[in-house]
Amino acid sequence: SGQGNGERRGRALGWGKGLGEGGPWGHGATLSPSCAPPDAVVWPQAVGQVQELAELCYRCRVPMVPFGTGTGLEGGVNAVQGGVCFDLSRMDAITELSLEDFSVAVEPGVTRKALNSHLRGTGLWFPVDPGADASLCGMAATGASGTNAVRYGTMRPNVLNLRVVLPDGRLLHTAGPGRQARKRAAGYDLTSLFVGSEGTLGFLTQATLRLHPLPEAAASTIAAFPNVRAAVDCTVQVLQAAVPVARIGGCWGLAVGPGVQVPAMGLSITSSHPEFLDEVMAGACGRFSKMDMPAAATLLLELHGSRHGLAEQQQQTEEIVRLNGGSDLVWAEEQEERGRLWAMRHNAWYAALALRPGCQGYSTDVCVPISRLPDVVVETKQDLQDSGLTGPMVGHVGDGNFHCLLIFDTQDPAEATRVHAFTERLGRRALAAGGTCTGEHGVGLGKRALLLEELGPEGLDTLRRIKAALDPHNLMNPGKVL
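Residues numbered from 1 in each chain as written. Predicted model: local features only at pLDDT ≥ 70, side-chain atom pairs only at ≥ 80, totals over all residues. Heavy atoms only, no water.

Draft legend 1. A look at the overall build of the protein. From N to C terminus, the protein includes 15 helices and 18 strands. Across the 482 residues that make up the protein, the buried fraction comes to 56%. Counting only contacts in the protein whose residues sit at least 6 apart along the sequence, the fraction spanning at least 24 positions is 72%. About 18800 Å² of surface is accessible on the protein, with carbon and sulfur atoms providing 52% of the total. (Helix = DSSP H or I, 4+ residues; strand = E, 2+ residues; numbered from the N terminus. Buried < 20%, exposed > 50% of the residue type's maximum accessible area, 1.4 Å probe, protein only. Contact = heavy atoms within 4.5 Å. Areas by Shrake-Rupley, 256 points an atom, 1.4 Å probe, with all protein chains shown as cover.)

Draft legend 2. Quick look at the packing of helix 14 (residues 413-432) against helix 15 (residues 448-470). Where helix 14 contacts helix 15, the axes come no closer than 10 Å and their chain directions differ by 15°. Classified by the angle their axes make, helix 14 and helix 15 are roughly parallel. Relative to helix 15, the crossing made by helix 14 is right-handed. Facing helix 14, whose interface residues are Glu-424, Gly-427, Arg-428 and Leu-431, helix 15 presents Leu-450, Glu-453 and Glu-454. Partitioned by chemical class, the residues of the contact of helix 14 with helix 15 number 2 nonpolar, 1 polar and 4 charged. (Axes fitted to C-alpha atoms, helices over the stretch in contact; angles between N-to-C directions. Parallel < 35°, antiparallel > 145°, perpendicular 65-115°, else oblique. Left-handed = near helix turned anticlockwise from the far one by under 90°. Nonpolar A, V, L, I, M, F, W, Y, C, P; charged D, E, K, R; others polar.)

Draft legend 3. Unusual backbone geometry, seen in detail. Located in the positive-phi region is Glu-198, a residue other than glycine, with phi close to 55°. With respect to the helices and strands, the residue Glu-198 is situated in the loop between helix 7 (190-194) and strand 9 (203-210). Judged by its relative accessible area of 12%, Glu-198 is buried. One non-glycine residue, Val-481, lies in the positive phi region at around 70°. Topologically, Val-481 is positioned in the segment after helix 15.

Draft legend 4. Looking closely at the confidence of the model for the protein. In the predicted model, the protein carries a mean pLDDT of 85, and 85% of its residues have values of at least 70. Predicted confidence for residues 1-25 stays below pLDDT 50, and this span has 51 contacts to residues more than four positions away or in other chains. Within the model, the stretch residues 253-275 combines pLDDT values under 50 with 194 contacts to residues more than four positions away or in other chains. (pLDDT = per-residue confidence, 0-100.)

Draft legend 5. Inspection of the pairing of strand 5 (residues 103-106) at higher detail. Of the two faces of strand 5, the one lined by Ser-103 and Ala-105 and the one lined by Val-104 and Val-106 are each fully buried. Sheet analysis places strand 4 (residues 94-98) next to strand 5, joined by 3 bridges and oriented antiparallel. Along strand 5, the bridge assignment pairs Thr-95 with Ala-105. Bridge count for strand 5 against strand 9 is 4 bridges, and the pairing is antiparallel. Paired with Ser-103 across the bridge in strand 9 is Arg-210. (Pairing = 2+ DSSP bridges.)

Draft legend 6. Layout of the nonpolar core. Phe-225, Phe-402 and Cys-404 are the most contacted members of the largest nonpolar core, which totals 41 residues. Top contributing element to this core by residue count: helix 8 (residues 228-240), with 6 residues. Sequence-distant contacts of Phe-225, that is, excluding residues within four places in its chain, are made with Ala-230, Ala-231, Cys-234, Ala-296, Ala-297, Leu-299, Val-321, Asn-324, Gly-325 and Gly-326. Counting residues in each nonpolar core, the second largest holds 27 residues, with Ala-144, Val-164, Leu-166 and Leu-201 among its members. (Core = buried A, V, L, I, M, F, W, Y, C linked by side-chain atoms within 4.5 Å.)

Draft legend 7. Region of the structure containing the sheet that holds strand 9. Spatially, the 5 strands line up as an open sheet ordered 4-5-9-7-8, and their pairing is antiparallel. This sheet does not close on itself; its edge strands, each paired only once, are strand 4 and strand 8 (171-173). The mean inter-strand angle of the sheet, taken between neighbouring strand axes irrespective of direction, is 10°. Bridge count for strand 7 (residues 159-165) against strand 9 is 6 bridges, and the pairing is antiparallel. When the sheet's bridge partners are listed, Asn-161 is paired in strand 9 with Thr-208.

Draft legend 8. Helix 11 (residues 335-346), seen in detail. End to end, helix 11 covers 16 Å across 12 residues, agreeing with the expected 16 Å (1.5 Å per residue, within 8%). Every buried residue of helix 11 is accounted for by Arg-338, Leu-341, Trp-342, Met-344 and Arg-345. Down the axis of helix 11, the smallest arc covering the buried residues is 145°, so these residues share one side. Away from its buried face, by an angle of more than 90 degrees, helix 11 presents the exposed residues Gln-335 and Glu-336. (Expected span 1.5 Å × (residues − 1). Arc of directions from axis to C-beta.)

Draft legend 9. Structural context of the sheet that holds strand 1 (residues 40-42). Taken together, the 3 strands give an open sheet; going across it, the order is 1-3-2, and neighbouring strands pair in parallel fashion. The sheet is open, and its two borders are formed by strand 1 and strand 2 (64-67), each paired with just one other strand. In this sheet, neighbouring strand axes are inclined to one another by 25° on average, regardless of whether the strands run parallel or antiparallel. In the sheet, strand 2 pairs with strand 3 (residues 84-87) via 4 bridges, with the strands oriented parallel.

Draft legend 10. Here's a closer look at the packing of aromatic side chains. The tally for this structure, following the rule as stated, stands at 2 aromatic pairs. Plain terms: the ring middles of Phe-86 and Phe-203 are 4.3 Å apart, the flat faces sit at 35° to each other, and that makes the pair tilted. With Phe-86 in strand 3 and Phe-203 in strand 9, this residue pair connects regions lying 117 residues apart in the sequence. Given the relative accessible area of 0%, Phe-86 is considered buried. A ring pair is formed by Trp-125 and Tyr-152, whose centres lie 5.5 Å apart and whose planes are at 85°; its orientation type is edge-to-face. Here Tyr-152 lies in helix 5 (residues 149-152) and Trp-125 lies in strand 6 (residues 124-125), a separation of 27 residues in the sequence. Its guanidinium or amino end placed over the ring of Tyr-58, Arg-61 lies 5.4 Å from that ring's centre, counting from NZ or CZ. (Phe/Tyr/Trp six-rings, centres within 6.5 Å; stacked < 30°, edge-to-face > 60°. Lys NZ or Arg CZ within 6 Å of the ring centre and 35° of its normal.)

This is the structure we're talking about:
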């Protein structure tokens, strides 16, 4: 299926131009540095069109790659075997909103910000926030998470049903057509099977999501600590004390080349994870966002609750922070102030890129038991320093998940080789600590070998059998995960 054939097919079926403006190359690119463009791009506008084209590609044995917003970090939309990219961004309906049932159905073109804008005034919101304004169906496909996961969970428990177009064009409702029960024990959990499947089992053309009440009041703050362990201990104690943390985010910037490294970390109670930075990352975030950041292990915290209860929770948090050697807290309660704090955290990627203008970035993540997090972070920082790599870290302390933002010159083969070797060591370090090679980003292209080490041959063989049952010709996003 060459570009010409793909263009003619797309136009004949009324799905927009077979090739986008400037060609299909933008549809092979994500926030990861590699790029493999498809042969053709189509823009279906209804589920029936997705079915028709999927059936055509299946019959002609043409690879198919789903595309949402291209914000993935593990090369998930790279068309490594060519084929047709299904850009689902024009399917943007928001339907079946039920305020009483706290649920809504969205198509792949709906992003998290678009949904929350649509929900304004209802008293409800969708809290899963990976940072990027990603497609909600794409977030389901990658099993996304983010800063609010500590309180509200990841995508997996927040997806109630999925409408999936299978590789041969058949339509599947993973919990049954029109069903949105908040819990179920009927048969295998097909919804969870497709959440995190990374486009390898079918097209997620609609997701029924669980909504949450907006908190009556919220407050955010930043706390500096003498070291990473103190910050992590504080996080654990806050969670043990049942403080209703909404976000815990931290940033630890790591060494920029040999000899430059001082830990700094940001944690937020509304988010699901703390973020980490050493003084390099903290300084970079501060400069990029024009905010003062302490050059120390730092937690960015956010509390959600009632106005009456919030004062008590703030006092409890302040006491735990003080017992762990943390700084005095100044709380931001207005939306604008809190937004600035979290915008700084969400801009960590761009702040890291600004450390080495002209270079590219690769973000990789792992997740370990919280008790092992300080040791793994310290070992990783030393590894970065020994490798001479620029790798500030951000992470979610509340669940042991952290990210390395590796900034490097893609035209320098030696440095690219060091980056690849480092990411392999990081993944294996997490596995040795009883963790996983990825907590949020997914397996994609780069972590397939680590997936075998994590699950073992029996686990991987089970995944391959599931894949073969649903996609016997390996046409759905081939080359990813397995």
